[in-house]
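Residue strings, one per chain:
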Amino acid sequence: MMAIETLTMAKALTLGLAAAMQADEKVILMGEDIGPLGGVFRVTEGLQQQFGAHRVLDTPLAESGIVGSAIGLAMRGYRPVVEIQFDGFIFPAFDQITTQLAKLTARHEGALQLPIVIRVPYGGHIGAVEHHQESPEAYFAHTAGLRLVSPATPHDAYWMIQQAIASTDPVMFFEPKSRYWPKGEVDHGAAGIDLHASRVVREGTDVTVVGHGAMVSMLLDAAEVAAEEGTSLEVVDLRSLSPIDYAPLLDSVRRTGRLVVAQEAPGSVSIGSEIAATVTEKAFYSLEAPVLRVSGYDTPFPPAKLEGAYLPDVDRILHAVDRALAY
């Protein structure tokens, strides 16, 4: 395998899953249509042929049963990787995830580990119908006992899925659907940084903008447009939503004095709300303007033809940047 390869995020995830399965025979994959079909987004394509049906298991259409079975398997020493076919289908498993998976280690005073990864394709920009374009990450980031991460690039997808599988804690692995197909470089030789580290992906001086998943590429596009207009944006990729690594973000805000948080999810009681509150608390005397949020609206996700009006875009991000600079 080449040390540096250009891949889609979907293919990077396939290779990352394969690497984890080769490294540990206790890693098994479970989900609807992940076997011969290779998953709705073809992320598990070829893995059942490579590792066998006893390690890549097609399951019934029963999300609660899938996660419940994974919990039992983890108790017996396996490392299950569960695929939730679409974000909006995760809620039948919500009870298993939040009241069982998230609590069992604490319930056993740390003596029981549950190394389960739940892969969740999430977010919009794919023109899908109801229940297929949700962003439910705040529900799970709010739940103590779960880790939650979201890659924005193929390189991060390749390494973060392996790091998540190696974790001894349950990890919710949110995969931005709209980023499955764009290509990027993957360095097979080095992960770069820790699973839960945030990082600056574009340096700037005037305003810090932060997001996760698919929103990172939107922020980078906004930074390009802003640069043409004479405004320098510093872009921070959160990568991890629980825990959040605030150090690079706070360092950035203390230099720029302004912060815009962007996300596809609705804005109320959200990841963006938490970031705004924490940055205001910890960097109050560095702020030259209130922390501003750009998000989906506090409504159910609209029909596909209206998603462009619902989801944050470059114009809405830059409007918030202008508001921050006007203070």
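Calculation notes
- Residues numbered from 1 in each chain as written.
- Predicted model: local features only at pLDDT ≥ 70, side-chain atom pairs only at ≥ 80, totals over all residues.
- Heavy atoms only, no water.
- Core = buried A, V, L, I, M, F, W, Y, C linked by side-chain atoms within 4.5 Å.
- Buried < 20%, exposed > 50% of the residue type's maximum accessible area, 1.4 Å probe, protein only.
- Contact = heavy atoms within 4.5 Å.
- Helix = DSSP H or I, 4+ residues; strand = E, 2+ residues; numbered from the N terminus.
- Lys, Arg positive; Asp, Glu negative; His and termini not counted.
- Salt bridge = Lys/Arg side-chain N within 4 Å of Asp/Glu carboxyl O.
- Polar contact = N/O pair within 3.5 Å; in protein donor to acceptor, adjacent residues only side chain to side chain.
- Phe/Tyr/Trp six-rings, centres within 6.5 Å; stacked < 30°, edge-to-face > 60°.
- Lys NZ or Arg CZ within 6 Å of the ring centre and 35° of its normal.
- 1 Å grid on protein atoms, 1.4 Å probe; cavity = no way out; pocket = protein on both sides within 12 Å on 5 of 7 lines; lining within 4 Å.
- Points joined across faces, edges and corners; volume = space filled by probe spheres on them.
- Nonpolar A, V, L, I, M, F, W, Y, C, P; charged D, E, K, R; others polar.
- Pairing = 2+ DSSP bridges.

*Asks:* How do you make sense of the nonpolar core when you look at a structure like this?
*Replies:* Burial of nonpolar side chains together is a common tendency in soluble globular proteins. Judged by nonpolar contacts, the single largest core of 45 residues is most densely connected at Ile97, Ile118, Met172, Leu249, Leu259, Ile275 and Val279. With residues up to four places along the chain from it excluded, the contact list for Ile97 reads Val67, Ile90, Ala102, Ile118, Phe140, Leu146 and Met172.

*Asks:* Looking at this structure, I do not really get the side chain of Arg55. What am I missing?
*Replies:* Tracing the backbone shows Arg55 in the loop between α2 (47-51) and β3 (56-58). There is no salt bridge for the buried Arg55, and the closest opposite charge comes from Asp24, which lies 6.2 Å off by N-O distance. Within the structure, the side chain of Arg55 is placed 3.5 Å from the backbone oxygen of Glu25, a separation counted as a polar contact. With sequence-adjacent residues up to four places away left out, Arg55 is seen in contact with Met21, Asp24, Glu25, Val27, Ile28 and Leu29.

*Asks:* Could you clarify how one ought to interpret the packing of aromatic side chains in this entry?
*Replies:* The geometry of an aromatic ring pair comes down to the distance between the two centres and the angle between the two planes. Tallying each qualifying case throughout the model produces 15 aromatic pairs. Between Tyr158 and Trp159 the ring centres are 5.1 Å apart and the planes differ by 85°, which places this aromatic pair in the edge-to-face class. The buried category is assigned to Tyr158, whose relative accessible area is 7%. Site record: aromatic cluster; members linked through ring pairs are Phe91, Phe94, Tyr122, Tyr139, Phe140 and Phe174. One residue, Lys26, lies across the ring of Tyr78, its end atom 4.5 Å from the ring centre.

*Asks:* Explanation requested: the layout of surface pockets in the structure shown.
*Replies:* Space left empty within the atom packing is revealed by a probe, the size of a water molecule, rolled over the atoms. Considered as a void within the structure, the largest pocket measures approximately 720 Å³ in volume. Around the largest pocket, the lining is made up of 32 residues, and of these Glu137, Ala138, Tyr139, Val269 and Ser270 lie nearest the centre. Secondary-structure elements contributing two or more residues to the lining of the largest pocket are α6 (137-141), β12 (240-242), β13 (259-266) and α10 (271-282). The leading source of residues in the lining of the largest pocket is α6, at four residues. Grouping the amino acids of the lining of the largest pocket by side-chain chemistry returns 17 nonpolar, ten polar and five charged. Considered as a void within the structure, the second largest pocket measures approximately 190 Å³ in volume.

*Asks:* How should I be thinking about the environment of Phe301 in this particular structure?
*Replies:* Checked against the element boundaries, Phe301 lands in the loop between β14 (292-296) and α11 (307-310). Between the alpha carbons of Phe301 and Glu130 there is a distance of 7.1 Å; along the sequence they are 171 residues apart.

*Asks:* Can you walk me through empty space enclosed by the protein in this structure?
*Replies:* Taken as a whole, this structure holds two cavities of 30 Å³ or more when the rule is applied. Each pocket or cavity is described by its volume, and for the largest cavity that value is around 70 Å³. Lining the largest cavity are Tyr122, Gly123, Gly124, Glu137, Pro176, Lys177, Ser178, His212, Ala214, Met215, Gln263 and Glu264. Grouping the amino acids of the lining of the largest cavity by side-chain chemistry returns four nonpolar, five polar and three charged. Within this model, the second largest cavity holds a volume of roughly 30 Å³. Lining of the second largest cavity is provided by Leu29, Met30, Ile34, Thr44, Val81, Val82, Glu83 and Arg119. Those elements giving two or more residues to the lining of the second largest cavity turn out to be β2 (27-31) and β4 (79-83). Take the lining of the second largest cavity: its biggest share by element is three residues, from β4.

*Asks:* I tried to follow unusual backbone geometry on my own but got confused; where do I start?
*Replies:* The phi torsion of most residues other than glycine is negative, and most of the peptide bonds are trans. With an omega of 0°, the peptide bond between Ser242 and Pro243 qualifies as cis. Structurally, Pro243 can be placed in the loop between β12 and α9 (247-256). Here the phi dihedral of Asp33 falls at roughly 65°; this positive angle occurs in a residue that is not glycine. Phi at Arg42 takes a positive value of approximately 65°, unusual for a residue other than glycine. You can see Arg42 is positioned in the loop between β2 and α2. What makes Arg42 partly exposed here is its relative accessible area of 37%.

*Asks:* How should the pairing of β2 be read in this particular structure?
*Replies:* Consecutive residues of a regular strand have side chains that alternate between opposite faces of the sheet. Most of β2 sits out of view: five of its five residues are buried. Of the two faces of β2, the one holding Val27, Leu29 and Gly31 and the one holding Ile28 and Met30 are both buried throughout. Both β2 and β4 contribute to a ladder of five bridges, which runs parallel. Bridge pairing in β4 links Gly31 to Glu83. In terms of strand pairing, β2 meets β3 through three bridges, oriented parallel. Residue Leu29 lies in a different strand from β3, and its bridge partner there is Val56.

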